[in-house]
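Listed here are the chains, written in short residue letters.
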Amino acid sequence: MKLFTAEQVYAADKFTIEKQNITSDELMERAAIQLFNWLHLRMQGAQVKIHLFCGIGNNGGDGLALARHLQDHGYNIEVYVVNYSKKRSKDFLTNLERLKERKIWPNFLEEGSEWPPIKEEEIIVDAIFGIGLNRAPDEWVGNLFEHLESTKAFVLAVDIPSGLFTESVPKREKDVLKANYTLSFQVPKLVFFLPQTGKYTVQWEVLDIGLDKQFLFETDTDYSLIGKNEILPFYRPREKYSHKGTYGHSLIIGGSYGKMGAVQLAARSCLRVGSGLVTVYIPKCGYIPLQTAIPEAMVITDNEDSHISEIELSIEPTAVGLGVGMGTKEGTSEAIANFLKDYKRPVVVDADALNLIAQHKDLLKYLPGQAVLTPHPKELERLIGSWKDDFDKLEKAKVFSDKHDCVLVIKGAHTIIIYKNKGYVNTTGNPGMATGGTGDVLTGMITGLIAQGYEPLQAALLGVYLHGRSGDITVENTGYQALLATDVIEGIGPAFLDLFKVEEKVSAEEDGNE
Ligand SMILES: NC(=O)C1=CN([C@@H]2O[C@H](COP(=O)(O)OP(=O)(O)OC[C@H]3O[C@@H](n4cnc5c(N)ncnc54)[C@H](O)[C@@H]3O)[C@@H](O)[C@H]2O)[C@@H](O)CC1
Ligand SMILES: Nc1ncnc2c1ncn2[C@@H]1O[C@H](COP(=O)(O)OP(=O)(O)O)[C@@H](O)[C@H]1O
Ligand SMILES: [K+]
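Calculation rules
- Residues numbered from 1 in each chain as written.
- Chains lettered and ligands numbered in written order.
- Predicted model: local features only at pLDDT ≥ 70, side-chain atom pairs only at ≥ 80, totals over all residues.
- Heavy atoms only, no water.
- Helix = DSSP H or I, 4+ residues; strand = E, 2+ residues; numbered from the N terminus.
- Buried < 20%, exposed > 50% of the residue type's maximum accessible area, 1.4 Å probe, protein only.
- Areas by Shrake-Rupley, 256 points an atom, 1.4 Å probe, with all protein chains shown as cover.
- Donors = N, O, S within 2.8 Å, 3.2 Å for Na, K, Ca; no water.
- Tetrahedral: all angles 85-135°; square planar, octahedral: opposite > 155°, others 65-115°.
- 1 Å grid on protein atoms, 1.4 Å probe; cavity = no way out; pocket = protein on both sides within 12 Å on 5 of 7 lines; lining within 4 Å.
- Points joined across faces, edges and corners; volume = space filled by probe spheres on them.
- UniProt positions renumbered as here; feature names shortened; annotations may be inferred.
- Phe/Tyr/Trp six-rings, centres within 6.5 Å; stacked < 30°, edge-to-face > 60°.
- Lys NZ or Arg CZ within 6 Å of the ring centre and 35° of its normal.
- Near = heavy atom within 4 Å.
- Polar contact = N/O pair within 3.5 Å; in protein donor to acceptor, adjacent residues only side chain to side chain.
- Nonpolar A, V, L, I, M, F, W, Y, C, P; charged D, E, K, R; others polar.
- Lys, Arg positive; Asp, Glu negative; His and termini not counted.
- Salt bridge = Lys/Arg side-chain N within 4 Å of Asp/Glu carboxyl O.
- Contact = heavy atoms within 4.5 Å.

1. Observations regarding the overall build of the protein
A tally of helices and strands in the protein yields 19 helices and 18 strands. When its C-alpha atoms are laid out on the principal axes, the protein stretches across 85 × 45 × 45 Å. Within the protein, the fraction of its 514 residues that count as buried is 56%. Summed over its atoms, the accessible surface of the protein is roughly 22,800 Å², and 51% of this surface lies on carbon and sulfur atoms.

This is the structure in structure tokens:
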């Protein structure tokens, strides 16, 4: 699913209005009906008070139109106009008139107004600012946000939480009204997925307001969301007459005294995603544990007992996963550097190998094209330098990826994969995965997928998606706290099977949206 900029959404609006020969008011009405259906389906006429806070632009217009539908269906509503500007939009005014015709008189809130009392069990609809926000809200509007949050009532945001920009990070937390749920028109927004801005809505959902499908299809975006639909087109089924040689030979290079588990996790994950063969290259001290824990994997040992000192290969791997549990002993750093200078095939670089590259940037030029780098935020900072905010981080990552022709997998709650000027935002995974070793599992998975012939970018997308999906399936049995990296490996099989599960449609939802 593509993530459009505000500018692109406005263009889609304009295009739709012309092509479908409708007015902007009719489009607003569609939006309001979708909002109403969503609420009506869940509230079923309940008389819980709904406080609708409306700005003076089109987001406010949506709120006023929603208020009218709620009133028509007997809901208990109170409408407020947050009067932050004199420049009211045409469709806002049209809908204000319609309310007045029904004898609904909104309360006008201005600087110095007394804030309305709201009970915790009541509902706030936030239609104050939408995607048209172009500067921080005035101080008094921020104070109103603070008041609304302090009531602890459920906040339902229309299109986007008010005060949140679509393409930058707000300077102060109090300038945004935090939402429990956001109903985003037609497409989700990139800000729902970034650490600094995602926190402003607990959940989100898209409401289809019928913007022109062809326009949306043909418009190119810088970012997209990665879900099942994006993964399935490049999934490679297994051939009947294939054999283990068809599916590549992965090599995991890593481990040091006390960190041999990382290699086990990566090697086992690599096997679980379907790598035909897996070999590990480790210091001697890991030989017995590795052979015992993973009989399917082959082992080559370094001359050193406790760390890797030189990487001499007697095999020709299809893909290499480099760095897990490797440590930063001097001999190891040299071994990695020498290895990278000679090695020309696909590679996934993680953990200590990433840190070494960050310290010796000259090594970047030896990386093969489309090397996959899997930094968590701290490792990323060492690689690309510090950033002002999440948007700056993404821009810097794009420049880095383009300059060094590498795929950057920026790990986090929503892992974002950057390749050149495009970003792919993952939708799977959960906080149970914030536990040691899950990153090693991901490295093994991406390596094993590349070995099977996936392009490095595809392997990163599929690997990240399946890794999170596996975590989501597994957490159902373990709960967040008990989830271990090993469980994520065991979930890889179910995550693959899940790719082909057809979702059951919720018929009530469909009825509600008609
Ligand atoms: N395709 C869509 O997504 C549709 C969007 N609609 C709604 O239209 C909204 C966008 O409406 P608008 O463009 O009118 O913008 P907003 O309603 O977001 O903002 C209102 C106006 O306030 C001004 N403004 C911005 N920041 C301000 C600040 N800090 N202090 C004072 N004034 C400020 C701006 O000039 C803007 O026009 C969307 O978020 C959505 O709710 C729907 O009505 C119909 C279809
Ligand atoms: N809150 C979270 N929600 C979803 N996924 C998470 C969360 N926290 C961590 N993860 C995932 O877990 C993995 C952690 O990797 P990493 O930080 O390298 O850990 P380690 O080095 O211990 O293996 C990443 O793939 C990351 O996306
Ligand atoms: K809003």
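Once you've had a look at it, read on.
2. Details of the coordination of the potassium ion (ligand 3)
Within the first shell, the potassium ion (ligand 3) binds the protein through Asn 59 (OD1), Asp 126 (O), Phe 129 (O), Val 158 (O), Ile 160 (O) and Ser 162 (OG), at distances of 2.6 to 3.1 Å. Every donor counted, the 6 donor atoms about the potassium ion (ligand 3) form angles of 66 to 176° at the centre, which fits irregular coordination.

3. Looking at the layout of surface pockets
A volume near 880 Å³ is recorded for the second largest pocket. Residue lining of the second largest pocket: 38 residues in total, with Tyr 10, Gly 57, Asn 58, Asn 59 and Gly 132 positioned closest to the centre. When contributions to the lining of the second largest pocket are tallied by element, the ones reaching two or more residues are α1 (6-19), α2 (24-43) and α3 (58-72). Of all the elements, α1 adds the most residues to the lining of the second largest pocket, at 5 residues.

4. Notes on the UniProt feature "domain: YjeF C-terminal" (unreviewed entry) in the protein
UniProt tags residues 227-499 as "domain: YjeF C-terminal" (unreviewed entry). Along residues 227-499 the backbone is 45% helical and 14% strand, and the end-to-end C-alpha distance reaches 10 Å.

5. Considering the UniProt feature "domain: YjeF N-terminal" (unreviewed entry) in the protein
As recorded in UniProt, the sites labelled "domain: YjeF N-terminal" (unreviewed entry) are residues 9-217. Annotated as residues 9-217, this span is 38% helix and 18% strand, and its ends, taken at the C-alpha atoms, are 13 Å apart.

6. Details of the packing of aromatic side chains
Each aromatic ring pair is specified by the distance between its two centres and by the angle formed by the two planes. Counted according to the given criterion, the structure contains 13 aromatic pairs. Considering the side-chain rings of Trp 115 and Trp 140, the 6.4 Å spacing of their centres and the 20° angle between planes classify their relative orientation as stacked. One end of the pair, Trp 115, is in the loop between β4 (107-109) and β5 (123-127); the other, Trp 140, is in helix α5 (residues 139-150), and 25 residues separate them in sequence. You can call Trp 115 partly exposed: its relative accessible area is 23%. On the numbers, 6.3 Å between centres and 55° between planes, the contact of Phe 192 with Phe 193 is tilted. Residues Phe 192 and Phe 193 agree in their burial class; the two are buried. Through pairs of rings, three or more aromatic residues link up here, namely Phe 192, Phe 193 and Trp 204. Between the NZ or CZ atom of Lys 2 and the centre of the ring of Phe 217, over which it lies, the distance is 5.8 Å. Of note, Arg 236 hangs over the ring of Tyr 454, and the distance from its end group to the ring centre comes to 5.6 Å.

7. Points about the site of ligand 2
Near ligand 2 you find 17 residues, and of these Lys 411, Gly 412, Thr 415, Gly 437 and Gly 439 are the closest. Taking Thr 438, its side chain carries an N or O atom lying 3.1 Å from an oxygen atom of ligand 2. Between ligand 2 and Asp 440 there is a distance of 3.3 Å, counted from an oxygen atom to a backbone nitrogen or oxygen. The fraction of the free accessible surface of ligand 2 (580 Å²) that becomes covered by protein chains is 76%. The biggest single contributor to the shell around ligand 2 is helix α15 (residues 438-451), with 4 residues. Tallied by class, residues from the shell around ligand 2 come to 5 nonpolar, 10 polar and 2 charged.

8. Quick word on the side chain of Asp 389
By secondary structure assignment, the location of Asp 389 is in the loop between α13 (377-384) and α14 (390-404). There is no salt bridge for the buried Asp 389, and the closest opposite charge comes from Lys 388, which lies 6.3 Å off by N-O distance. Within the structure, Asp 389 has its side chain in polar contact with the backbone nitrogen of Phe 391 (distance 3.0 Å). Once residues lying within four places of it in the same chain are set aside, the contact partners of Asp 389 are Val 169 and Gln 196.

9. As for the side chain of Asp 126
For Asp 126, the position within the fold is in strand β5. The charged side chain of Asp 126 is buried without a salt bridge, its nearest counter-charge being Lys 189 at 12 Å.

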